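# Structural features, examined
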Amino acid sequence: MLEKKAEILFYRKEYGLAEPAYEAYLALGDSAYDVLKNYGICLYYNQKEDKALLMLGKCYAQNANDPILNFYIGGCYQKLKLFPESIAFFKLTIETATPHYLADVYHLLGQVYGQERWFKESIEAYQEALKLDSTKVELLFEIASTYEEFNHSSTMAVNYYNAYLKLAGEKAERANYALGRIEKLKEELFFEK
């Protein structure tokens, strides 16, 4: 009954009333993750950041990939004016809240835009995918080749091909093609002048 009462108050956002209900329930010996997390959130909203960090820290030891948990830990540090810690946890919140597959979705969206000849949208989707997962260096190649088709922007294409070769290094799957395109585009740029 105590747990149910605490949960109802919590979900109604009546944190002042939920806090003692959680305390009474925790006194019975339960230390389930969700109970500790919700109690810690109540403490946060009741301006008890030090105590909240203790509860939320116990949860963090169990699951460091919970974006809601990381958000409230970051908020506690912010209220305590421990800004470097706050920044670290807010960044972790962003990282853990972003699904790992989202970069792949943007990548595929970029390809479809390119097939539709919507080059501006294609480049934007590729760039978003790259922001979400900077290890996907093959995206740089796709951005470069899209720039070539988009508006025959030789300078931008060369820049992206070079970035691709530099970041991919020996793992560049299309290094020979990129090098050939760079040489060809530089020739075109030379003759344009």
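Attention here is on the structure that accompanies the text. (Residues numbered from 1 in each chain as written. Predicted model: local features only at pLDDT ≥ 70, side-chain atom pairs only at ≥ 80, totals over all residues. Heavy atoms only, no water.)

## Focus: the overall build of the protein chain
Formally: Secondary structure elements follow DSSP: runs of H or I of four or more residues count as helices, runs of E of two or more count as strands, with numbering from the N terminus. Atoms counted for the radius of gyration: C-alpha only. Globule rule: 2.2 Å times the number of residues to the power 0.38. Using a 1.4 Å probe on the protein chains alone, a residue whose accessible area is under 20% of its type maximum counts as buried, one over 50% counts as exposed, and one in between counts as partly exposed. Pairs of residues are marked as contacts when any of their non-hydrogen atoms sit within 4.5 Å.
The helix and strand tally for the protein chain stands at 11 helices and 0 strands. Of the regular secondary structure in the protein chain, the N- to C-terminal order runs α-α-α-α-α-α-α-α-α-α-α. A compact globule built from 193 residues would reach a C-alpha radius of gyration of about 16 Å, whereas the protein chain, at 25 Å, exceeds it by more than 25%. Seen through its principal axes, the protein chain has C-alpha atoms that stretch 80 × 35 × 25 Å. Burial status across the protein chain gives 41% buried among its 193 residues. Look at the contacts in the protein chain between residues 6 or more apart in sequence, and 43% of them connect residues 24 or more apart.

## Section: the nonpolar core
Just so we agree on the cut-off: Among buried residues, those of type Ala, Val, Leu, Ile, Met, Phe, Trp, Tyr and Cys that are joined through side-chain atoms within 4.5 Å constitute a nonpolar core.
By size, the foremost hydrophobic cluster in this structure holds 29 residues, and its most contacted members are F10, Y22 and I73. Those elements that provide at least two residues to this core are α1 (2–11), α2 (15–26), α3 (33–45), α4 (49–62), α5 (67–79) and α6 (83–97). The greatest single-element share of this core, amounting to 8 residues, is contributed by α3. Setting aside chain neighbours within four positions, we find Y22 in contact with A6, E7, F10, V35, N38, Y39 and C42.

## A short note on the pattern of salt bridges
Applied cut-off: We define a salt bridge as a side-chain nitrogen of Lys or Arg found within 4 Å of a carboxyl oxygen belonging to Asp or Glu.
By the definition in use, this model includes 12 salt bridges. In this structure, D66 engages K37 in a salt bridge whose closest nitrogen and oxygen atoms are separated by 2.8 Å. Remark: K37 occurs in helix α3 and D66 occurs in the loop between α4 and α5; sequence separation between them is 29 residues. Each member of the pair D66 and K37 is classed as buried. With a closest N to O distance of 3.2 Å, E138 and R174 form a salt bridge. Of this pair, E138 sits in helix α9 (residues 138–151) while R174 sits in the loop between α10 (154–168) and α11 (175–192), placing them 36 residues apart in sequence.

## Examining the packing of α1 against α2
Helices that pack against each other are described as a pair by the angle of their axes relative to one another and the distance between those axes. To be explicit about the condition: Geometry is summarised by axes, namely lines fitted to C-alpha atoms with helices restricted to the contacting stretch, and by angles between N-to-C directions that run from 0 to 180 degrees. If an angle is under 35 degrees, it is roughly parallel; if it is over 145, roughly antiparallel; if it lies from 65 to 115, roughly perpendicular; otherwise it is oblique. Take the far helix as the reference: if the near one is turned anticlockwise from it by less than a right angle, the crossing is left-handed, and if turned clockwise, right-handed. In this classification, Asp, Glu, Lys and Arg are treated as charged, Ala, Val, Leu, Ile, Met, Phe, Trp, Tyr, Cys and Pro as nonpolar, and every other residue, Gly included, as polar.
Viewed as axis vectors pointing N to C, α1 and α2 meet at an angle of 160 degrees, and their least axial separation amounts to 8 Å. The orientation of α1 relative to α2 falls into the category roughly antiparallel. Between α1 and α2 lies a crossing whose hand is left-handed. For the pair α1 and α2, the contacting residues are L2, E3, K5, A6, E7, L9 and F10 in the first and Y15, L17, A18, A21, Y22, A24 and Y25 in the second. Along the lines of polarity and charge, the residues of the contact of α1 with α2 split into 11 nonpolar, no polar and 3 charged.

## Focus: the packing of α4 against α5
Taken N-terminus to C-terminus, the directions of α4 and α5 make an angle of 150 degrees; their axes are 10 Å apart at the nearest point. Considering their axes alone, α4 and α5 lie roughly antiparallel with respect to each other. Considering only the axes of α4 and α5, their crossing is left-handed. Contact with α4, carried on its side by E49, A52, L53, L56, C59 and Y60, involves L69, N70, Y72, I73, C76, Y77 and K79 of α5 and no other residues of that element.

## Quick notes on the packing of aromatic side chains
How we decide: Aromatic contacts are taken between Phe, Tyr and Trp rings whose centres are within 6.5 Å, Trp giving its six-membered ring; a plane angle under 30 degrees counts as stacked, one over 60 as edge-to-face, and the others as tilted.
Applying the stated criterion to the full structure yields 17 aromatic pairs. Plain terms: the ring middles of F10 and Y22 are 6.3 Å apart, the flat faces sit at 80 degrees to each other, and that makes the pair edge-to-face. Of this pair, F10 sits in helix α1 while Y22 sits in helix α2; the two residues are 12 residues apart in sequence, bridging distant segments of the chain. On the accessibility criterion, Y22 (1% relative accessible area) is buried.

## Comments concerning α1
What counts is decided by this rule: Directions drawn from the helix axis to the C-beta atoms are what define this arc.
Those residues of α1 that fall on the buried side of the exposure criterion are A6, L9 and F10. Considered in projection along α1, the buried side chains sweep an arc of 100 degrees and stay on one side of the axis. Opposite its buried face, α1 presents the exposed residues K4 and Y11, each directed more than 90 degrees away. Contact partners of the buried residues in α1: α2 and α3. One or two positions beyond α1, positive phi appears at K13, with a value near 65 degrees.

Interpretation note: all reported values are geometric properties and have no functional meaning in isolation.
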